[in-house]
Amino acid sequence: MQEMTNLFRRIGITDDEVESRIQSCFHQMFFDQTERLWHDVDADSACIVDTGNMDARTEGMSYGMMMCVQMDRQDLFDKLWQFSMRYMHQGAGKYQGYFAWSVALDGRHHAEGPAPDGEEYFAMALFMADARWGSGDGIFDYAAQAREILRHCLHQPELVPGGHAMWDAENHYIKFVPEAPYTDPSYHLPHFYELFARLADLKDRPFWKQAAQASRKYIVLSAHPVTGISPEYAQFDGTPILQFGKDYAYYSDAYRVALNIALDHLWFGASPQMDAVVSRLQRWMSAHADPHDYRAWDLDGTPHEEPAMHPVAITAVLAAASAVTGDTDCLYRFWHTPLRTGKRRYYDNCLYFFALLLLAGKYRMWVM
């Protein structure tokens, strides 16, 4: 287990204060009757609700499972995993072995296709559950389930007629969806791939090692060289893609890139070119962005009239970047920002909680 430090000490926040904040936030997100994301479905299953869209998504389900591993709540983890396997896992068709990315709170599918960020988080959370608690039987053989997910991610065309892999076999990049010839920079998790290279099927471990190296390079390639801003979607050559009616590149998913860089830095050490990306981003935001009025931006920093849908998430990831840069202003602002309340709280608060764990020195690998 790697040694991690409470980085809030830089602004005079004690370990006890940080632990109290973590417990309070976890309680609010999982148990508070008004503000929780948790939704009981069956006696043995529950889901994490995207409160802005009133559905359950593989993103949120796998995020919730990762939070439960970090907080040592196997009881909650198993209920989320049971829901995922019962209502989201595909047992037939070209997506067999994948998970439907969006379902109603009663499990009815809104979509059949998967979102690869869900699969990679599912696999990592399951490997960590195996390392922390040990595996059981059936769907609770966590390590076997993780390997099965990754097997489909790489070998779907061989396993399922008409299927598409989630990673490009040539450049080792994760795709936005299996059929897409482009990617989402925030899906690139080199710190996860380093661990998959130790834990996945033996024959696939070299691929995951190469994927970690490729993703570190891609994160740098796709980020703006001055502002450090990353696009929501991008071609394999790093060129941003504007779609879904948006005429700006930086929003929602893209915020996660800074968080991913910070966690890779803490788990696997400095990566100078990636670290420079969050240094530029933090520096540019501090100089040009109003933290009380975050906007949608182009990669070069040109603002749009559209307000940021998830301003608390931006505050959180900029603070996470302080794990790389040592900046204290962003840390201070984050510490004095509460969890978001109301309809749009889901995404902001997921990134908030991960940033809080990271900066507290509590976002741990568990697997070695």
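Residues numbered from 1 in each chain as written. Predicted model: local features only at pLDDT ≥ 70, side-chain atom pairs only at ≥ 80, totals over all residues. Heavy atoms only, no water.

Draft legend 1. View of the pattern of salt bridges. Under the definition given, this model contains 22 salt bridges. Here arginine 73 ties to aspartate 75 by a salt bridge, and the two come within 2.8 Å at their closest N and O atoms. Here arginine 73 falls in the partly exposed class, since its relative accessible area comes to 27%. With a relative accessible area of 42%, aspartate 75 lands in the partly exposed category. Close ionic contact of aspartate 201 with arginine 151 constitutes a salt bridge, the shortest N to O distance being 2.6 Å. Of the two residues, aspartate 201 sits in the loop between helix H6 (190-199) and helix H7 (205-222) while arginine 151 sits in helix H5 (residues 142-159), which places them 50 residues apart along the sequence. Residue class for aspartate 201 comes out buried when judged on its relative accessible area of 17%. One salt-bridge network, in which partners are shared between bridges, spans Glu59, Asp117, Asp253 and Arg256. (Salt bridge = Lys/Arg side-chain N within 4 Å of Asp/Glu carboxyl O. Buried < 20%, exposed > 50% of the residue type's maximum accessible area, 1.4 Å probe, protein only. Helix = DSSP H or I, 4+ residues; strand = E, 2+ residues; numbered from the N terminus.)

Draft legend 2. Examining the pairing of strand S2 (residues 45-50) more closely. Burial of S2 is extensive: six of the six residues sit out of reach of the surface. Neither face of S2 is open: one carries Ser45, Cys47 and Val49, the other Ala46, Ile48 and Asp50, and all of them are buried. As judged from the four bridges shared by strand S1 (residues 38-42) and S2, these two strands associate in the antiparallel manner. Opposite histidine 39, over in S2, you have cysteine 47 as the bridge partner. The antiparallel hairpin formed by S1 and S2 contains two residues in its connecting segment. As paired strands, S2 and strand S3 (residues 55-57) are joined by two bridges and run antiparallel to one another. (Pairing = 2+ DSSP bridges.)

Draft legend 3. Structural context of the nonpolar core. Phe77, Met124, Tyr193, Trp208, Tyr255 and Phe353 are the most contacted members of the largest nonpolar core, which has 139 residues in total. Here this core takes 13 residues from helix H13 (residues 345-360), the largest share from any one element. Residues in contact with tyrosine 255, not counting those within four places in the same chain, are Tyr250, Ala308, Met309, His310, Ala313, Ile314, Val317, Tyr347 and Leu351. (Core = buried A, V, L, I, M, F, W, Y, C linked by side-chain atoms within 4.5 Å. Contact = heavy atoms within 4.5 Å.)

Draft legend 4. Geometry of the sheet that holds S3. Spatial strand order, S1-S2-S3-S4: four strands in an open sheet with antiparallel pairing. Of all the strands in the sheet, just S1 and strand S4 (102-103) have a single pairing partner and so form its edges. Here helix H2 (residues 58-70) sits on the sheet and contacts S2 and S3; the angle it forms with S3, its principal contact strand, is near 65°. Along the sheet, helix H3 (residues 74-88) makes contact with S1, S2, S3 and S4, crossing S2 at roughly 85°. (Axes fitted to C-alpha atoms, helices over the stretch in contact; angles between N-to-C directions.)

Draft legend 5. Structural view of the pairing of strand S8 (residues 303-307). Here two bridges tie strand S7 (residues 295-297) to S8, and the two strands are oriented antiparallel to one another. Along S8, the bridge assignment pairs arginine 295 with proline 307. In this antiparallel pair of consecutive strands, S7 and S8, the connection spans five residues, and glycine 301 shows a positive phi of 95°.

Draft legend 6. Expanded view of the packing of helix H1 (residues 15-30) against H13. In the contact formed by H1 and H13, the axes pass within 11 Å of each other and the chain directions differ by 160°. As judged from the angle between their axes, H1 and H13 are roughly antiparallel. Crossing of H1 over H13 shows left-handed handedness. Every residue of H13 that contacts H1 at Val18, Arg21, Ile22, Cys25, Phe26 and Met29 is listed here: Asn349, Cys350, Tyr352, Phe353, Leu356, Leu357 and Ala360. Per-class residue counts for the contact of H1 with H13 are 11 nonpolar, one polar and one charged. (Parallel < 35°, antiparallel > 145°, perpendicular 65-115°, else oblique. Left-handed = near helix turned anticlockwise from the far one by under 90°. Nonpolar A, V, L, I, M, F, W, Y, C, P; charged D, E, K, R; others polar.)

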